[in-house]
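# Observations on the model geometry
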Amino acid sequence: MAAPKVAVVGAGVIGLSTALCIAETCPSCSVTVLSDQFSPNTTSDVAAGMLIPHTYPGTPIHMQKQWFKETFNYLFAISNSTEASEAGIHLVSGWQVFKNTPKEELPFWSDVVLGFRSMSEAELQKFPQHQFGQAFTTLKCDCPPYLLWLEKRLKATGIQICTRKVADLWELHSEYNVVVNCAGIGAQQLVGDEKLFPVRGQVLKVHAPWVKNFIRDGDGLTYIYPGIHRVTLGGTREKENWSLSPDPGTTKDIFHRCCSLEPSLWGAQDIEVKVGLRPSRQSVRLEREVLSQGGVKLPVVHNYGHGAGGFSVHRGTAKEAARLVGECIAALQGSSLRPRL
């Protein structure tokens, strides 16, 4: 068959990195990214981009760890390259603190991040409301620069990027051999996934260049993540809330919570409020499916539903999705080589 044509629907961090992995693992493919929204208007642009995994109850831990490790190693290599600044990737050290000692003192990802250890008594004095903590160094992506860097890499690889709203995956069957669904929260309508729901996140981006260490409350709700130019303060987790309008009461609450962890933030300037809808489900949907109408088949690979943990596992899930695309193409080539009776 001629060069297989693959469409990737969605241009957040999952869609762009999946398209890149497909191009890297299947160079004979012609890959096109289709989306009605690109950076800076994606959910990924709002994300803090910290590599601290979110746990998916419906996904085996060994898979989650593999995805995280592949993502960490990939970004660590970029952070050690001349492209680190353009890609917005840097190492950041800090603390995760708990009011009560967690059941799991060693999370599954503790040997992937750098220098993971329990906090000393002296360090805990900084957090009088907390009695246990973990110190480690991880990676942070400043999201808009990283998405633009990925787009630049895609274009350099010869991947087409098109603005197009896809209302139904089947509408692509006459143009493409394989379709990859990376539509995030849009997959709820696109493929009718009732297991997918929004978790609204509101964050503040502030100017506080003196804040160098991340601080994260163990419940994951209050966090301070320093980026290259701005510090991200969060946050909220509002299940089934579709509102993209910033809530002034929530802004005040986030700011107060973060100042109680880091009092110097009272001096933060230039507060900008951002809202995003995390595409959440019990497990990431990462699988093959064949759509069929009137004897015509369309192989589809799904890669969505990463919720709050998309940045932490994006490269790992993109590699797996690219492998599944390879399987689809091999099956198509196999069927086209069979003699017709």
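All values derive from a computational prediction rather than experimental measurement.

### Here we look at the UniProt feature "binding site: FAD" (unreviewed entry) in the chain
Cross-referencing UniProt, the feature "binding site: FAD" (unreviewed entry) maps to T43, S44 and V166 in the present numbering. Here T43 falls in the partly exposed class, since its relative accessible area comes to 36%. For S44, the location among the structural elements is in helix α2 (residues 43-46). If near-sequence neighbours (up to four positions away) are discounted, S44 is found in contact with G12, V13, C143, L147 and F311.

### With respect to the packing of aromatic side chains
In this structure the tally under the stated criterion is twelve aromatic pairs. A ring pair is formed by W109 and F116, whose centres lie 5.8 Å apart and whose planes are at 90°; its orientation type is edge-to-face. The pair W109 / F116 is uniform in exposure class, with both members buried. Here Y223 and Y225 contribute two aromatic rings whose centre-to-centre distance is 4.7 Å and whose plane-to-plane angle is 15°, an arrangement assigned as stacked. Take Y223: its relative accessible area is 8%, and that puts it in the buried class. According to the relative accessible area criterion, Y225 is buried, its value standing at 5%.

### Points about the packing of helix α1 (residues 13-25) against helix α6 (residues 143-156)
Their axes nearest at 10 Å, the elements α1 and α6 cross at an angle of 30°. On the basis of their axis angle, the class for α1 and α6 is roughly parallel. As for the relative orientation of α1 and α6, their crossing is left-handed in sense. Of the residues in α6, those touching α1 at V13, L16, S17, A19, L20 and E24 are Y146, L147, L150, E151, R153 and L154. In the contact of α1 with α6, the residues fall into eight nonpolar, one polar and three charged.

About the thresholds
Residues numbered from 1 in each chain as written. Predicted model: local features only at pLDDT ≥ 70, side-chain atom pairs only at ≥ 80, totals over all residues. Heavy atoms only, no water. UniProt positions renumbered as here; feature names shortened; annotations may be inferred. Buried < 20%, exposed > 50% of the residue type's maximum accessible area, 1.4 Å probe, protein only. Helix = DSSP H or I, 4+ residues; strand = E, 2+ residues; numbered from the N terminus. Contact = heavy atoms within 4.5 Å. Phe/Tyr/Trp six-rings, centres within 6.5 Å; stacked < 30°, edge-to-face > 60°. Axes fitted to C-alpha atoms, helices over the stretch in contact; angles between N-to-C directions. Parallel < 35°, antiparallel > 145°, perpendicular 65-115°, else oblique. Left-handed = near helix turned anticlockwise from the far one by under 90°. Nonpolar A, V, L, I, M, F, W, Y, C, P; charged D, E, K, R; others polar.

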